[in-house]
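Commentary on secondary and tertiary structure
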Amino acid sequence: MKVIIVGGVAGGASCAARLRRLDEKAEILVVERGPYVSYANCGLPYHIGGVIEKESSLLVSSEAMFRAMFAIDVRTGCEAIKISPDKKTVELRNVATGEVTTESYDKLVLSPGAVTVRPPLPGIDLPGIFQVRTVPDARAIREWLERGSLFLAGMHIYSGFQTVRPKTRAVVIGGGFIGLETAENLVHREFDVTLVEMLDQVLAPLDREMARVVEGYVERHGLRLALNDGVSGFRQAANGSLEVQTKSGKVYPADIVILSLGVRPDTALAKAAGLEIGERGGIRVDDQMRTSNPDIFAVGDAIEVRDFVTGQWSLIALAGPANRQGRIAADVIAGRDSRFRGTQGTSIIGLFGAAAAWTGASEKTLNRIGNKDFEKIYIYPNSHAGYYPGARPIAMKVLFRKSDGRLLGAQALGEDNVDKRISALAVAIQMGATIYDLEEAELCYSPQFGSAKDPVNFAGMVAAGVLRGDMPISHWDSAGKGFLLDVREPVELAVEQAPGAVNIPLGQLRARLGELPRDREIHVICRSGGRAYYATRMLLQNGFKARTLSGGMLSRFHALLLEN
Ligand SMILES: Cc1cc2nc3c(=O)[nH]c(=O)nc-3n(C[C@H](O)[C@H](O)[C@H](O)COP(=O)(O)OP(=O)(O)OC[C@H]3O[C@@H](n4cnc5c(N)ncnc54)[C@H](O)[C@@H]3O)c2cc1C
């Protein structure tokens, strides 16, 4: 059996290696247009920032290693230019010489990845404007930064009276994870960095109020954000520097511009071969990664996949799914019955020592698809036992089905161990777990690692309390209609007040129940929700209509950020 794999990075390389493990006799040919196979594109922003100093650290594997260890014929600088499904052949072009050859296949796997979105804006091809996709891209950026732009080089030459070299100004366009990671790395290099984003938030998969917290955090660490503004063009100024022009009429001077406007599936070959393309613009495959042609498989950024939670077709450009899909395609080609379960878009980004992570459906996705059968909670547990040094709060939003408690999605932000909570919740979602299962999850605990009630358990307990009716909740957008009761201590009010709230500290509440209305719904707040829960239980058992305001004053911060 001869298998040709187009694309030799995440999906393609993992498919090739898995296939060899399953079939010692298969003839495997991997063709890769670029100069490297199986390299760590996820590390590129950190190479630009100097965290990963050596380019060679990104080159995880090589043609020679594939040949020696796996007997796989890997050809870099070799582009697949045409598939003839009826003849079962692929035309290959040597990128350096232009020579075209034809290879036949029994099975073909497409893992061509995605193409970077590059709109035809005026000046987009000016020197100094880069993208971050490949090792050569990162090399070009580093060379540019080391050499300095025309403007900076000029300042250097004519700076007889100047002792301080001006700061390099970088403009990053696009607030997705590659844009943000690159921007963070440029801030680390002590550049003056502005990130321009057309949407009204960074990290589009996050709900807006959670993204606001990320935005505040990165701004406090020196990254300037210009949201709600699209780029309209680029110009070279008289002094040699660049100018980024935006639709709102602003002009940002720059010594370097990084384009990070997102990606779209690379479907050129597939389209030309007549393979079915799905509604989201990716190659349509079944759960065994088979395209509309049974001898052609496709994996990775180029395909569209079913969202595990919503059941909708979606485009997910992530390394984990690409690797798993490559493995499944290999299994199926080797005669195994593996199937892809769908994706949840589980992601994480590290920014200035903190992390934002998410999995499953967001509130805005559920609203967009008209799903009303959900509730959300906001909690702020410590990353580990509060009495052990170094505990940091984690801001968590958890979404679950009202009708049966099934976990739908989670988002978390914090400076410590955010990843393990979202990873645990991601597994729970994939296993179809409910919030009641989270209550019972048995997780690692000692004081430096977690709490006896881990944030994952805590999320389950709070959410289950809501669904069992033990703790009816409300959110800030509806709280204004009821009677607002603040059960914090007076000293806390000196720091932060809830306008319109009546303050009765929790310790005095039992004695002062007579001051509360029986004909109105009482929304109870404290700092994060814990004391409000006790108060709510007390009020409910005394015949009041009461609700805990989810997340208390901490989630009000989100709401306020939205208002502004
Ligand atoms: C800067 C950066 C940071 C990232 N960080 C993360 C991260 O932190 N976490 C995460 O989960 N994901 C991350 N990703 C995304 C992740 O790298 C991709 O989702 C994953 O690599 C997709 O795998 P793939 O096999 O579909 O495509 P790729 O890995 O992109 O490989 C496709 C390859 O196919 C080659 N090719 C295309 N067409 C042809 C052709 N006709 N002939 C021959 N070769 C061809 C291309 O040259 C390319 O090398 C990042 C991506 C980038 C660019």
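A short tour of the structure in this document, coming up. (Residues numbered from 1 in each chain as written. Predicted model: local features only at pLDDT ≥ 70, side-chain atom pairs only at ≥ 80, totals over all residues. Heavy atoms only, no water.)

**A look at the overall build of the protein chain**
The condition is simple: Counting from the N terminus, the helices are DSSP H or I runs at least four residues long and the strands are E runs at least two residues long. Taken over C-alpha atoms, the radius of gyration is set against a globule rule of 2.2 Å times the number of residues to the power 0.38. Using a 1.4 Å probe on the protein chains alone, a residue whose accessible area is under 20% of its type maximum counts as buried, one over 50% counts as exposed, and one in between counts as partly exposed. Working rule for contacts: check all heavy atoms of both residues, and any pair within 4.5 Å makes them a contact. Throughout, the Shrake-Rupley method with a 1.4 Å probe supplies accessible areas, and for residues the shown protein chains are the sole cover considered.
Broken down by element type, the protein chain carries 18 helices and 31 strands. Its C-alpha atoms give the protein chain a radius of gyration of 27 Å, near enough to 24 Å, the size a compact globule of 564 residues would have. A total of 564 residues make up the protein chain; the buried ones form 53% of that total. Within the protein chain, contacts between residues separated by at least 24 positions form 62% of all contacts whose residues are at least 6 apart in sequence. Surface accessibility of the protein chain: about 24,900 Å² in total, with carbon and sulfur atoms responsible for 52%.

**Some points on the packing of aromatic side chains**
For clarity, the cut-off: Pairing of aromatic side chains requires ring centres within 6.5 Å, counting the rings of Phe and Tyr and the six-membered ring of Trp. Pairs whose planes differ by under 30 degrees are stacked, by over 60 edge-to-face, and all others tilted. Here, a charge over a ring is recorded when the distance from Lys NZ or Arg CZ to the ring centre is within 6 Å and its angle to the ring normal is within 35 degrees.
Throughout the structure, instances matching the rule amount to 3 aromatic pairs. The aromatic ring of tryptophan 313 is capped on one face by arginine 284, whose charged end is 3.8 Å from the ring centroid. Over the face of the ring belonging to tryptophan 476 we find arginine 556, whose NZ or CZ atom lies 5.7 Å from the ring centre.

**Quick notes on the site of the ligand**
For clarity, the cut-off: Nearness is judged by heavy atoms alone; a residue qualifies as near a molecule or strand once a single heavy atom is within 4 Å of it. As used in this structure description, the phrase polar contact means that two N or O atoms lie within 3.5 Å; if the pair is within protein, one of them must be able to donate a hydrogen and the other to accept it, and residues adjacent in sequence are counted only when both atoms belong to side chains. Residues are grouped as follows: Ala, Val, Leu, Ile, Met, Phe, Trp, Tyr, Cys and Pro are nonpolar; Asp, Glu, Lys and Arg are charged; every other residue, Gly included, is polar.
Around the ligand, the structure places 31 residues, and the nearest of them are Gly11, Glu32, Ser111, Asp301 and Ala319. Residue aspartate 301 places a side-chain N or O atom 2.8 Å away from an oxygen atom belonging to the ligand. Here the ligand, which alone exposes 1,000 Å², has 90% of that area covered by the protein. Taken together, the residues of the shell around the ligand break down into 17 nonpolar, 8 polar and 6 charged.

**Here we look at the pattern of salt bridges**
Put simply, the rule reads: Salt bridges, as used here, are contacts in which a Lys or Arg side-chain nitrogen is within 4 Å of a carboxyl oxygen on Asp or Glu.
Inspection of every chain in the model, using the stated rule, returns 39 salt bridges. A salt bridge links glutamate 279 to arginine 284; its shortest N-O distance comes to 3.9 Å. Looking at glutamate 279, the relative accessible area reads 61%, which means it is exposed. Residue arginine 421 is joined to aspartate 454 by a salt bridge in which the shortest nitrogen-to-oxygen separation is 2.8 Å. Pair noted here: arginine 421 is in helix α11 (residues 418–430) and aspartate 454 is in the loop between α12 (435–440) and α13 (455–467), with a separation of 33 residues, a long-range link. Just as arginine 421 is buried, aspartate 454 falls in that class too. Counted as one network, the salt bridges with shared partners bring together Lys2, Glu63, Arg67, Asp73, Arg75 and Glu103.

**Digging into unusual backbone geometry**
Positive phi, normally seen in glycine, also occurs at lysine 88, with a value near 55°. Locating lysine 88 in the fold gives a position in the loop between β4 (78–84) and β5 (89–94).

**Quick look at the sheet that holds strand β23 (residues 354–360)**
Quick note on the threshold: In this analysis, strands are considered paired if DSSP registers two or more bridges between them. Axes here mean lines fitted to C-alpha atoms, for a helix over just the part in contact, with angles spanning 0 to 180 degrees between N-to-C directions.
An order of β22-β23-β26-β25-β24 is seen for the 5 strands of this open sheet, with the pairing classed as antiparallel. Lying at the two open borders of the sheet, with one neighbouring strand each, are β22 (347–351) and β24 (374–379). On average, adjacent strands in this sheet sit at an angle of 10° to one another, irrespective of strand direction. When β23 meets strand β26 (residues 407–414), the two strands line up antiparallel, connected through 6 bridges. Considered in β26, the bridge of glycine 360 is made with glycine 409.

**With respect to helix α1 (residues 10–22)**
Given 3.6 residues per helical turn, the α-helix brings residues three or four places apart onto the same face. What counts, and what does not: To estimate the expected span of a helix, count its residues, drop one, and scale the result by 1.5 Å.
Its 13 residues place the ends of α1 19 Å apart at the C-alpha level, agreeing with the 18 Å of an ideal helix rising 1.5 Å per residue. The element α1 is largely enclosed, with a buried count of 10 among its 13 residues. Residues of α1 that are buried include every one of Gly11, Gly12, Ala13, Ser14, Cys15, Ala16, Ala17, Arg18, Leu19 and Arg20, and no others. Buried-residue contacts for α1 involve β1 (2–6), β2 (27–32), α3 (63–70), β7 (107–110) and α9 (319–333).

**Notes on the pairing of β2**
Across the 6 residues of β2, 5 count as buried, placing the element largely inside the fold. Note: β1 against β2, 5 bridges, orientation parallel. Bridged to valine 6 within β2 is valine 31. Both β2 and strand β3 (residues 73–76) contribute to a ladder of 4 bridges, which runs parallel. Within β3, the residue paired with leucine 29 across the bridge is aspartate 73.

**With respect to a nonpolar patch on the surface**
Defined as follows: Each patch is assembled from residues with relative accessible area greater than 30% and no salt bridge, linking like charges that lie within 9 Å and nonpolar side chains (Val, Leu, Ile, Met, Phe, Trp, Tyr) that lie within 5 Å.
A cluster of nonpolar side chains, namely Tyr387, Tyr388 and Tyr445, defines an oily patch on the protein surface of about 360 Å² accessible area. Following the sequence through the fold, tyrosine 445 ends up in the loop between α12 and α13. Residue class for tyrosine 445 comes out partly exposed when judged on its relative accessible area of 38%.

**Some points on the sheet that holds strand β20 (residues 303–306)**
Within the open sheet, the 3 strands sit side by side as β18-β20-β21. Their pairing is mixed. Whereas interior strands pair on both sides, the edge strands pair on one side only; in this sheet they are β18 (283–284) and β21 (313–314).

**Observations concerning the side chain of aspartate 137**
What counts here: Working convention for charge: Lys and Arg count positive, Asp and Glu count negative, and His plus the chain ends are omitted.
Inspection of the secondary structure assignment puts aspartate 137 in helix α4 (residues 135–147). For the buried aspartate 137, no salt bridge exists, and the shortest N-O distance to an oppositely charged side chain is 6.8 Å, to arginine 133. When neighbours within four sequence positions are excluded, aspartate 137 is seen to be in contact with Gln131 and Val132.

**Structural notes on the nonpolar core**
Formally: For this analysis, a nonpolar core means a set of buried residues of the types Ala, Val, Leu, Ile, Met, Phe, Trp, Tyr and Cys, connected via side-chain atoms within 4.5 Å.
In this structure, Leu108, Leu110 and Met289 are the most contacted members of the largest nonpolar core, which totals 47 residues. Per-element tally for this core: the top contributor is α9, with 5 residues. Ignoring any residue separated from it by four or fewer positions in sequence, one finds methionine 289 in contact with Ile296, Phe297, Ala298, Val299, Ile303, Gln325, Ile328, Ala329 and Phe340. Counting residues in hydrophobic clusters, the runner-up holds 43 residues, among them Tyr39, Leu203, Ile349 and Trp358.

Read these as spatial facts, not as claims about activity.
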